[in-house]
Amino acid sequence: QQQVKQSPQSLIVQKGGISIINCAYENTAFDYFPWYQQFPGKGPALLIAIRPDVSEKKEGRFTISFNKSAKQFSLHIMDSQPGDSATYFCAAHDYKLSFGAGTTVTVRA
Amino acid sequence: EAGVTQSPTHLIKTRGQQATLRCSPISGHTSVYWYQQALGLGLQFLLWYDEGEERNRGNFPPRFSGRQFPNYSSELNVNALELEDSALYLCASAVGHYTEAFFGQGTRLTVV
């Protein structure tokens, strides 16, 4: 059973555009919500993370929005660049990280 | 500071054999997590070790096992390999139960 539901499965965005990836969860015991970026053949790299007492966190071009009452969170990639083309995973933590299924982002130059 | 290192990078085994994968955590990290990432699929939780003890395991058969050594490095063993065990096996380390986990590059296991 997928504890974290992620959408869309893939998306294509033009260079300079905004990429938006959404995740939803049910387990209210989750206490930490990171996003990972993975390039082909590589391990996932921690990108940005948020705790449920914060509604938004921004680091450079990456922003997490968190809605505790709706049990949803999202990643926004502003001014998308071709180097951002990768698979993005949301995750939620209780004693381990439970991952969403991933979103493949393609940024067209 | 060195990141999480995994060895070997690639491993090819025959069905029915055993595979041993190794992970060295970031210095100071006491928790090691193992995940399986089959082709095109997400990351499935396998095992969590902390302070030398197995703390939890995911929904995998007992032929997936491992251990954590006194220096916090870890080993994943997969017995009686099956074709569907072919996947990227990822190790992550964290400071105890602290939530920020960092992944290694993975071991690509191919079962033929």
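Figured I'd write up the structure that's included with this text.

Calculation criteria
Residues numbered from 1 in each chain as written. Chains lettered and ligands numbered in written order. Predicted model: local features only at pLDDT ≥ 70, side-chain atom pairs only at ≥ 80, totals over all residues. Heavy atoms only, no water. Pairing = 2+ DSSP bridges. Helix = DSSP H or I, 4+ residues; strand = E, 2+ residues; numbered from the N terminus. Axes fitted to C-alpha atoms, helices over the stretch in contact; angles between N-to-C directions. Buried < 20%, exposed > 50% of the residue type's maximum accessible area, 1.4 Å probe, protein only. Contact = heavy atoms within 4.5 Å. Buried area = accessible area lost by both parts, 1.4 Å probe. Polar contact = N/O pair within 3.5 Å; in protein donor to acceptor, adjacent residues only side chain to side chain. Phe/Tyr/Trp six-rings, centres within 6.5 Å; stacked < 30°, edge-to-face > 60°. Core = buried A, V, L, I, M, F, W, Y, C linked by side-chain atoms within 4.5 Å.

## Remarks on the sheet that holds strand β8 (residues 74–78) of chain B
Residues and elements named next belong to chain B.
Here is step 1: Here we have four strands laid out as an open sheet, ordered β1-β3-β8-β7, and antiparallel in their pairing. What marks the edges here is a single partner per strand, and that holds for β1 (5–7) and β7 (64–68). Averaged over all adjacent pairs, the angle separating strand axes in this sheet is 20°, with direction ignored.
Here is step 2: Of the pairings in the sheet, the one linking β7 to β8 comprises five bridges and is antiparallel in character. In the sheet register, Q68 faces β8, and the bridge partner there is S74.

## Quick notes on the pairing of strand β3 (residues 19–24) of chain B
Residue and element names in this part refer to chain B.
Here is step 1: Because side chains alternate across β3, one face comprises the buried residues A19, L21 and C23, and the other comprises T20, R22 and S24, none of which is buried.
Here is step 2: The pairing of β1 with β3 spans three bridges and is antiparallel. Paired with S7 across the bridge in β3 is R22.

## Regarding the pairing of strand β9 (residues 86–93) of chain A
All names here are of chain A.
Here is step 1: With respect to burial, β9 is a largely interior element, seven of its eight residues being buried.
Here is step 2: Two elements, strand β4 (residues 33–38) and β9, share four bridges in a ladder whose sense is antiparallel. Bridge pairing in β9 places Y36 opposite F89.
Here is step 3: Bridge count between β9 and strand β11 (residues 103–108): three bridges; the pairing is antiparallel. Looking across to β11, one finds that A86 is bridged to V105.

## Considering the sheet that holds strand β8 (residues 72–77) of chain A
Residue and element names in this part refer to chain A.
Here is step 1: Strand order in the open sheet made by the five strands is β1-β3-β8-β7-β6, with antiparallel pairing throughout. Among the strands making up the open sheet, the edge pair consists of β1 (4–7) and β6 (56–59). Between one strand and the next, the sheet's axes are offset by a mean angle of 15°, whatever the strand orientation.
Here is step 2: Pairing geometry for β6 and strand β7 (residues 62–67), over four bridges, is antiparallel. Looking across to β7, one finds that E56 is bridged to S65.

## Focus: the interface of chain B and chain A
Here is step 1: Every contact between the two is made by 19 residues of chain B and, on the other side, 18 residues of chain A.
Here is step 2: Per-residue buried area on chain B facing chain A is highest for B:L43, B:T99 and B:F103; these three make up 33% of the total on that side.
Here is step 3: Between chain B and chain A we count six residue pairs in polar contact (both at pLDDT 80 or more) in total.
Here is step 4: Elements that contribute at least two residues to the side of chain B that touches chain A include exactly β4 (31–37), β5 (44–50), β9 (87–94) and β10 (102–103) of chain B.
Here is step 5: Element by element, the count of residues in the side of chain B that touches chain A is highest for β4(B), at three residues.

## Here's the deal with the packing of aromatic side chains
Here is step 1: In this structure the tally under the stated criterion is 20 aromatic pairs over all chains.
Here is step 2: Their ring planes at 85° and their centres at 6.4 Å tell us that A:F89 and A:F99 sit as a pair that is edge-to-face. Of the two residues, A:F89 sits in strand β9 while A:F99 sits in strand β10 (residues 97–99), which places them ten residues apart along the sequence. Like A:F89, the residue A:F99 is buried in the burial classification.
Here is step 3: Ring centres of B:F60 and B:F64 lie 5.2 Å apart, and the angle between their planes is 65°; this geometry places the pair in the edge-to-face category.

## A few points about the side chain of B:R63
All names here are of chain B.
Here is step 1: The topology assignment puts R63 in the loop between β6 (53–57) and β7.
Here is step 2: With a relative accessible area of 16%, R63 lands in the buried category.
Here is step 3: At a separation of 3.3 Å, a polar atom in the side chain of R63 contacts the main-chain carbonyl oxygen of A80.
Here is step 4: Excluding residues that lie within four positions of it along the chain, R63 makes contacts with N77, V78, N79, A80, L81, E82 and D85.

## Focus on the nonpolar core
Here is step 1: One finds A:F33, A:W35, A:F73, A:L75 and A:Y88 to be the most contacted residues of the largest nonpolar core, which totals 24 residues.
Here is step 2: Elements represented by at least two residues in this core include exactly β2 (10–14), β3 (19–25), β4, β5 (45–50), β7, β8, β9 and β11 of chain A.
Here is step 3: With four residues, β9(A) is the largest single contributor of residues to this core.
Here is step 4: Leave out the neighbours within four places in its chain, and A:Y88 touches A:Q6, A:I21, A:Y36, A:Q37, A:L47, A:F62, A:L75, A:I77, A:G102, A:T103 and A:V105.
Here is step 5: One finds B:L21, B:F60, B:A87 and B:V111 within the second-largest nonpolar core, a separate group that totals 22 residues.

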